[in-house]
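# Summary of the model geometry
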Amino acid sequence: LPYADWLLAQKDEGVKVLFLANLPFSQEDARQKVAVGLGMRGDYTTIARPDAVEIISIDDEMMGFEAKVHPHRTHFDHIVAPHGAEVFLSLQCKLGSRVVAKFDPVYVADWGGALLDPYITFSASPDDTLSLFDPFKYLSKLWPAGEFPAPDPTTRDGLRAFFSHIDGDGFATLSSLRRGVTCAEVVRDEILKKYPLPVTVSVVEANTRAVEVGLEVKDRPLYEELAREIFAMPNVQAASHSYSHPYSWIKDDPDSIGLYASENLILHPSENYTEIDYEREIVGSTSYIERELLPPGEKVEIMLWSGNCRPPAEALAIVRRMGIENMNGGDTITTRHHPSLATVAPRTMQWGDELQIFAPNQNEFVYTSDWSGPFYGGFRDVIDTFQRTGSPRRLKPVNIYYHFYSASRLGALKALHEVYDWASSQPLHDMTAAEFARVTRDSRATRIFEVGERRWRLVNEGALRTFRMPRSLGLVDVARSEGVTG
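The rules behind these values
- Residue positions within a chain follow its written sequence, with the count starting from 1.
- Only residues with pLDDT of at least 70 get local features here, since the model is predicted, and only at 80 or more are side-chain atom pairs given and counted; chain-wide, interface and lining totals rely on the full set of residues.
- Only hydrogens and water are set aside; all other atoms, that is, all heavy atoms of the structure, feed into the side-chain values.
- Secondary structure is summarised from DSSP: a helix means a run of H or I of at least four residues, a strand means a run of E of at least two, and numbering begins at the N terminus for each.
- Relative accessible area decides the class of each residue, using a 1.4 Å probe on protein chains only: under 20% of the type maximum gives buried, over 50% gives exposed, and in between gives partly exposed.
- Two residues form a contact once any of their heavy atoms are found within 4.5 Å.
- Note on areas: Shrake-Rupley with a 1.4 Å probe; residue coverage comes only from the protein chains shown.
- Residues counted as positive are Lys and Arg, residues counted as negative are Asp and Glu, and His and the chain ends are not counted.
- By convention, the point assigned to a charge is CZ for Arg, NZ for Lys, CD for Glu and CG for Asp.
- Whether two strands pair depends on DSSP finding at least two bridges between them.
- Side-chain atoms within 4.5 Å are what join buried Ala, Val, Leu, Ile, Met, Phe, Trp, Tyr and Cys residues into a set we call a nonpolar core.
- Angles here are taken between N-to-C directions and fall from 0 to 180 degrees, while the axes themselves are lines fitted to C-alpha atoms, restricted in helices to the stretch in contact.
- Only the six-membered ring of Trp is used, alongside the rings of Phe and Tyr, when aromatic pairs are assigned; centres must lie within 6.5 Å, and planes under 30 degrees apart are stacked while those over 60 apart are edge-to-face, with the rest tilted.
- Two thresholds decide whether a charge sits over a ring: the Lys NZ or Arg CZ must be within 6 Å of the ring centre and within 35 degrees of the ring normal.
- When two cysteine sulfur atoms lie within 2.5 Å, the pair is treated as a disulfide.

For the rest of this paragraph, the subject is the overall build of the protein chain. Helix and strand counts for the protein chain stand at 13 helices and 23 strands. Here the C-alpha coordinates of the protein chain stretch approximately 80 × 60 × 45 Å along the principal axes. Classification of the 486 residues of the protein chain by burial places 51% in the buried group. In the protein chain, the proportion of contacts linking residues at least 24 apart, taken out of those at least 6 apart, comes to 72%. Approximately 23,400 Å² of the protein chain is accessible, and the part contributed by carbon and sulfur atoms is 51%. Across the protein chain, the mean location of the 51 positive side-chain charges is 4 Å away from that of the 67 negative side-chain charges.

As structure tokens, this is what we get:
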């Protein structure tokens, strides 16, 4: 009951309330109190297996967004929208020929609205969830006054943002393309030298120092000199991909059960490294790169998470205290094979008081079914992702994200060339991964104050400098605006 009282108090304060999937009350008295307080009708009972379920009305502009709506006989709640609500889907069920209940699963009311199971998504496969309603149209109904300049980290100076970044995995792996040549050498020659685009390059310290089992310590000078040559290139920004490449950053992380044979790379016994130490992984690896591999005066500006890319708040706090950015994680992989908004990840994730910046797109490991193939046709599909997340709505920048081991196979390298060729042909605004991470962080921190009719004051740190507005607001009056260039 206290939660029910709190929820109704929010409504009285003018805060929008949205029920997603179900009404979150197991106690009948709390459920009844909220329903009555919000004007919901019906007796809120569940008819387990009605004889028939029929659609009474459906708004075709709102529903059928990624999949067609079909009535379900396995679950039917007697919940009816409040009087005056805008109902987008309404159903009734029968026992025999008698109508016994009505269900309004998708609607908006003056206090907010509801999106209730099983009429919000459809599980097309174990990997694909399709939306039955249009989330963009629904949110514009929920907040009809929500027309204002919105921070947009996908765009810079009128162009779609672009950056690329490389995780350090496979740096010292021998490529099958040229005898005795490492993947790092192939990436240097075939990608970094051929495409004059900014790229954020990371290394794993255990790899370049040759303390990973399978590498020989005598080859350390070769790997480190190769890393120095790459980091000295004018289009390369340095990043760390950790010391020992943790696969799971949180001990006993339930998200990683059964996925990895070890917590991190197997290191030579001389390293005496038995458990993940965040300071060593982040501060230690960064100091090593700056001390041993970078040109004088240059600094590491970003930490690229390894493994399952789920750093706890403690690890994120270390990065923040160092004054550098962080990135990786997020599972955006929308393609013709997975054509759903559910495959578009958010931009960030909050861990306590800390913020993780997600990579805008996924890498070739994911596109090739965990590096099992196809290698050419797999990662080439990222072009499809770029197109789908660019139109009809720009949801993401263009982000070419891969590992050094892409140079181990001809098909993977050919796909990488094609992806870079596509990006080179597009009107994009180039930046580094660290810059994009700063822009994304600033977009989340941006504050928008309405100071008059169609007048706003936009406040942030200055990293995010692009805002988008609906056409219905008209054009910006640049002459009367301060700090606006176009």
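The next subject is the pairing of strand 6 (residues 98-109). Where strand 5 (residues 86-95) and strand 6 come together, eight bridges link them in antiparallel fashion. Of the residues in strand 6, the one forming a bridge with Leu89 is Val106. Here strand 5 hands over to strand 6 after two residues, with Gly96 in that stretch at a positive phi of 70°. In the sheet, strand 6 pairs with strand 7 (residues 112-116) via four bridges, with the strands oriented antiparallel. By the bridge assignment, Ala109 is partnered in strand 7 with Gly112. Once strand 6 ends, the chain turns through two residues before running back antiparallel as strand 7.

Turning to the nonpolar core, a few remarks are in order. Grouped together as the largest cluster of nonpolar side chains are 50 residues, with contacts concentrated most on Phe171, Ile230, Phe231, Ile400, Phe404 and Tyr420. Of all the elements, helix 12 (residues 410-424) adds the most residues to this core, at seven residues. Each residue touching Tyr420, except ones within four places of it in the same chain, is listed here: Ser164, Ile191, Tyr195, Leu197, Val199, Ile400 and Tyr402. Val53, Val69, Val106 and Leu115 belong to the second largest nonpolar core, which has 44 residues in total.

All right, on to the sheet that holds strand 3 (residues 52-58) then. Here five strands make up an open sheet; going across it, the order is 1-7-6-5-3 and the pairing mixed. The open sheet is flanked by strand 1 (17-21) and strand 3, the only strands paired with a single partner. Between one strand and the next, the sheet's axes are offset by a mean angle of 25°, whatever the strand orientation.

What follows deals with unusual backbone geometry. Cis geometry is found at the peptide bond from Asp117 to Pro118, where omega equals 0°. Structurally, the position occupied by Pro118 is in the loop between strand 7 and strand 8 (121-125). The omega torsion across Gly373 and Pro374 is 0°, close enough to zero to call that bond cis. When you line up the elements, Pro374 lands in the loop between helix 9 (364-367) and helix 10 (376-379). Although it is not a glycine, His245 adopts a positive phi angle of roughly 55°. For His245, the location among the structural elements is in the loop between strand 14 (236-240) and helix 7 (278-293).

To continue, consider the packing of aromatic side chains. To describe a pair of aromatic rings, one takes the distance between the centres and the angle between the planes. Tallied over the entire structure, the rule returns 20 aromatic pairs. Measuring from centroid to centroid gives 5.1 Å for Phe171 and Phe404, while their planes differ by 80°, and the two rings are edge-to-face. Taken together, the residues Phe171 in the loop between strand 12 (159-167) and helix 4 (183-192) and Phe404 in the loop between strand 19 (398-403) and helix 12 connect sequence positions 233 residues apart. Judged by its relative accessible area of 1%, Phe171 falls in the buried class. An angle of 70° between the planes, with centres 4.7 Å apart, marks the rings of Trp371 and Phe375 as edge-to-face. For the pair shown, Trp371 and Phe375 are each scored as buried. Through pairs of rings, three or more aromatic residues link up here, namely Tyr3, Trp6 and Phe25. Directly above the aromatic system of Tyr243 lies the positively charged group of Arg280, at a separation of 3.8 Å from the ring centroid.

Applying the stated criterion across every chain, the model contains zero disulfides. Cys183 takes part in no disulfide bond, and the closest cysteine sulfur to it belongs to Cys309, at a distance of 20 Å. Judged by its relative accessible area of 0%, Cys183 falls in the buried class.

By themselves, these are just geometric observations and shouldn't be taken as functional.
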